[in-house]
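One-letter residues, chain by chain:
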Amino acid sequence: MDEPRARIVIIGGGPGGYEAALVAAQLGAQVTVVDRDGLGGACVLTDCVPSKTLIATSGMMAALDGAAALGIRSGTAAATVDAPRLYSRVRALARAQSGDVAGRLAAEGVEVRSGAGRLVGPRTVAVGDAEITADIVLVATGAQPRVLPGAMPDGERILTCRQLYDLGELPQELIVVGSGVTGAEFASAYQALGSQVTLVSSRDRVLPQEDADAAMVVEDVFRRRGMTVLGRSRAMSAKPSGDGVTVTLEDGRTVRGSHCLLTVGMVPNTGGLGLEAAGITLDGGEFIPVDRVSRTTAPGVYAAGDCTGVMMLASVAAMQGRIAMWHALGEAVQPLRLSHVAMTVFTEPEIATVGVSQQAVTSGEADALVVKLPLATNARAKMQGFRVAPRASELILGVSLAVEQHLTVDQMAHTFAVYPSLSGSITEAARSLMRPADDD
Ligand SMILES: Cc1cc2nc3c(=O)[nH]c(=O)nc-3n(C[C@H](O)[C@H](O)[C@H](O)COP(=O)(O)OP(=O)(O)OC[C@H]3O[C@@H](n4cnc5c(N)ncnc54)[C@H](O)[C@@H]3O)c2cc1C
C-alpha cells in the first residue's frame, strides 16, 4: 500500500472539518476526524439545516396566505401548523443529513473517532486516553449560542436556537431577543407559522448589519403581518413567570409571552482545547486568529470555521477548511476572499448580498453606481403576485458569478435571461448601468 501523503487530524466534524477531510482524503492524506456531537456539526444537527427546514414550512404557510389573491379557493378554515410533525421532520432531516456526511467520509476512507479532542502538544491530539500524532492538525470546533447572565435558558420557556425543536408545540407568544440574522429569521418564520411574535431589538432597526433599504423592507413586512417590533429596547433579563415568561427591558418596561428565544450572538468553542500547548494565543473574543490560508500562529496547526470568528457562515467554514488542506498539502491555493462571499438572510422576504456593501458606497469607500429596480415592472413578479422578490438566495448566484469572474456590466447586460423571469431584472439592472462608449 502507498504511504499516505501526510497524517491529518481534524478536531470537529462540522462543515469546516468534514469538507477539509474530503479534500485531504482526495489528495491522498490519511485523515482522522475527531467529533464530539455528531458529523455535520452544529450546522447540520442544530443550526443551519434545522432552521432552514423550519423556514421551508413557514415559507409554505406564507405562500398559502397569498393563494386567494391568485384565484385559489382553499376551504374556509385557515391552514394551521402540526407542530409535532414539523419538529419531527426537522429532526429527521438533520439526522439524515448527518448520516449523508458520515457516508461520504466513510466512502473516502476517513477515520472518525467519537469524543472530545484536545491538543496535548504541537501536533498531538488526545481523545480520552488515546493520543494521535499528526503532521497537520485542523481545529474546527465551531461555536455555541451566547446567553445573557439574566436570562438563563431552561429549554422550556427560555430557549436558545438549539432548543426550539424539542418543544411539543408552537410557541403561542414568542419573544425573540436580538434582531440580527438569526433573530430576524426565527421571528419571520414563527410569525408565518402562526405564533404572535415580539422582536426585541437593541438597535434602531432590525438587521443592523444589512443594507438599510433591504432591512427596512423586511421590517415593514414584519409589522404588516402583525409582528411587534420593539426598537432601541435592550433586554436585561428573562424569567419564567406562571405559565409564561417575562422579559425586562433596560428602561424597566416588561414584555410577557409564552416563550422567549435568545439570539444574542455566538461564542467560539475554544476552551479546554489545549491550544496553549500548541503555542496558540486566542484573541480578545477567544477566537483562534488565522490568516487567509487558515494558518494559526503555530506551525502545522490550522483552524477553520466559527471558532476563528472570520465570518460565521457554513460556506465560509467549508472554504476555510478546504483552503487549509490545499495549503497544508502543497496544492495551488487562492487565499480566502471575504468580499466574494454570497450570503442570505432567510427572512420572508429574503435579503441576499455579495460584493461591496451599500454602506461602503454611501461612505465613499467604494466607487460604484447604484441602481434600484422595482419589481412592479417585472412581468413574472406580477403573474406570481410578488411585491418583493422571493428566493433572493437563488437569484444571487448570477451576481455572485459576476463578482467572482469580474464580469462587466456590458457582459451581464448581453447575457440572455429567460422571459418572463425574476432573474430578468438582474440583466435589466445591468442594462440600465450601461453607458454609451463616448462616455468612457
Ligand atoms: C440558527 C442558525 C442558522 C444558521 N444558518 C446558516 C445558513 O443558513 N447558512 C450559513 O452559511 N450558515 C448558517 N449558520 C452558521 C453555520 O451554522 C456555522 O457557520 C457553521 O456551523 C460553522 O461550521 P463549523 O464547522 O465551524 O462548526 P460547527 O458546525 O459548529 O461544527 C463544529 C463541530 O465540532 C464539534 N466539537 C466542538 N469541540 C470539540 C472537541 N473538543 N472535540 C471534538 N469535537 C468538537 C462540535 O460538537 C461540532 O460538531 C447558522 C447558524 C445558526 C446558529
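The rules behind these values
- Residues numbered from 1 in each chain as written.
- Predicted model: local features only at pLDDT ≥ 70, side-chain atom pairs only at ≥ 80, totals over all residues.
- Heavy atoms only, no water.
- Helix = DSSP H or I, 4+ residues; strand = E, 2+ residues; numbered from the N terminus.
- 1 Å grid on protein atoms, 1.4 Å probe; cavity = no way out; pocket = protein on both sides within 12 Å on 5 of 7 lines; lining within 4 Å.
- Points joined across faces, edges and corners; volume = space filled by probe spheres on them.
- Nonpolar A, V, L, I, M, F, W, Y, C, P; charged D, E, K, R; others polar.
- Pairing = 2+ DSSP bridges.

## Some points on unusual backbone geometry
- At the junction of Glu 348 and Pro 349, the peptide bond is cis and its omega measures out at 5° in the coordinates.
- Checked against the element boundaries, Pro 349 lands in the loop between β19 (343–345) and β20 (351–353).
- The peptide bond linking Tyr 419 to Pro 420 adopts the cis configuration, its omega dihedral lying at -10°.
- Structurally, the position occupied by Pro 420 is in the loop between α11 (409–413) and α12 (424–433).
- Even without glycine at this site, Arg 232 takes up a positive phi of about 45°.
- Relative to the helices and strands, Arg 232 resides in the loop between β12 (228–230) and β13 (235–241).
- Even without a glycine there, the phi angle at Glu 286 is positive, about 70°.
- Here Glu 286 lies in the loop between β17 (266–268) and β18 (301–303).

## A closer look at the layout of surface pockets
- By volume, the second largest pocket amounts to about 1100 Å³.
- Residue lining of the second largest pocket: 37 residues in total, with Ala 62, Ala 63, Glu 348, Phe 386 and Pro 390 positioned closest to the centre.
- Residue contributions to the lining of the second largest pocket peak at ten residues, all from helix α3 (residues 48–65).
- Taken together, the residues of the lining of the second largest pocket sort by class into 20 nonpolar, eight polar and nine charged.

## Quick notes on the pairing of β13
- Across six bridges, β13 lies against strand β14 (residues 244–249) in antiparallel orientation. Note on β14: the bridge partner recorded for Ala 235 is Leu 249.
- Adjacent in sequence and paired antiparallel, β13 and β14 are bridged by two residues, among which Gly 242 carries a positive phi angle near 60°.

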